[in-house]
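A look at the structure
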Amino acid sequence: KQLVGEIKVNYIAPQRALLSLQACVTTILKIYGIRHPQDMHTDLEEDYRIYTSFNHLQYAFIHVLRFLHAHHLGERVSLWIARQEGVHIRLAGQAVSSSLVQELFSLFSPQETTKNMGLAISRLLIEGHGGNLLCKTSSIPGQAYTEFVLLIPPAEMEARVSAEPASS
């Protein structure tokens, strides 16, 4: 918690701006697609305003996409925006192991110290913006998937949270 607090004050606050989530995702996918052309299904019909740093959002997206594309076996990655739920990025047909999910967001994983550090830093950045980065999996045959959810609060919700007095 202390690390997230430091990140918020010294690294995140100075870089925040009011942005369209849809425009951010579209730009990030174009940037990612230039270096890593992948077949992805996207549904970017939903949109809302967010108060965040584009660079931090891009960092988190790139690390999630790299992780999913490193683990796919030809399946298609799907990405969609849900108004109250943020951005979902799902790899259908495959669930990463539950032991790997437990290690994904650890800054100091006992086994793979640097491999997933980008996801751990991504989560810290998203938390610093008032959101969260989650990984959900299902290993049900025929319905298996690995899904990341970038919970990014709408700008109006962030403004309400920021305006609330801090509890002592």
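Above this text is the structure in question.
Predicted model only: the values in this text are computed from it and were never measured.

**Structural notes on the sheet that holds strand β6 (residues 132-138)**
- Pairing within the open sheet is mixed, and its five strands lie in the order β2-β4-β5-β7-β6. A single partner strand is all that each edge strand has here, and the edge strands are β2 (40-43) and β6. Taking the axes of each pair of neighbouring strands and ignoring which way they run, one obtains an average angle of 15 degrees across the sheet.
- Strand direction decides the pairing type here: strand β4 (residues 77-82) and strand β5 (residues 86-92), joined by six bridges, are antiparallel. Following the sheet pairing, Ile81 is matched in β5 by Val87.

**Focus on the pattern of salt bridges**
- Inspection of the entire model under this criterion finds two salt bridges.
- Notably, a salt bridge pairs Arg90 with Glu147, separated by 2.5 Å at the nearest N-O pair. Placement of the pair is Arg90 in strand β5 and Glu147 in strand β7 (residues 145-151), with a sequence separation of 57 residues.
- Between Lys136 and Glu147 there is a salt bridge; the shortest N-O distance is 3.9 Å. With Lys136 in strand β6 and Glu147 in strand β7, this residue pair connects regions lying 11 residues apart in the sequence.
- Overall, Glu147 belongs to the buried group, its relative accessible area being 1%.
- Taken together, the shared-partner salt bridges in this structure form one network comprising Arg90, Lys136 and Glu147.

**Considering the environment of Glu103**
- Checked against the element boundaries, Glu103 lands in helix α4 (residues 98-103).
- Judged by relative accessible area, Glu103 falls into the partly exposed class, the value being 21%.
- In sequence terms Glu103 and Ala120 are 17 residues apart; their C-alpha atoms lie 9.1 Å from each other.

Conventions used here
Residues numbered from 1 in each chain as written. Predicted model: local features only at pLDDT ≥ 70, side-chain atom pairs only at ≥ 80, totals over all residues. Heavy atoms only, no water. Pairing = 2+ DSSP bridges. Helix = DSSP H or I, 4+ residues; strand = E, 2+ residues; numbered from the N terminus. Axes fitted to C-alpha atoms, helices over the stretch in contact; angles between N-to-C directions. Salt bridge = Lys/Arg side-chain N within 4 Å of Asp/Glu carboxyl O. Buried < 20%, exposed > 50% of the residue type's maximum accessible area, 1.4 Å probe, protein only.

That's the geometry; what it means functionally is another story.
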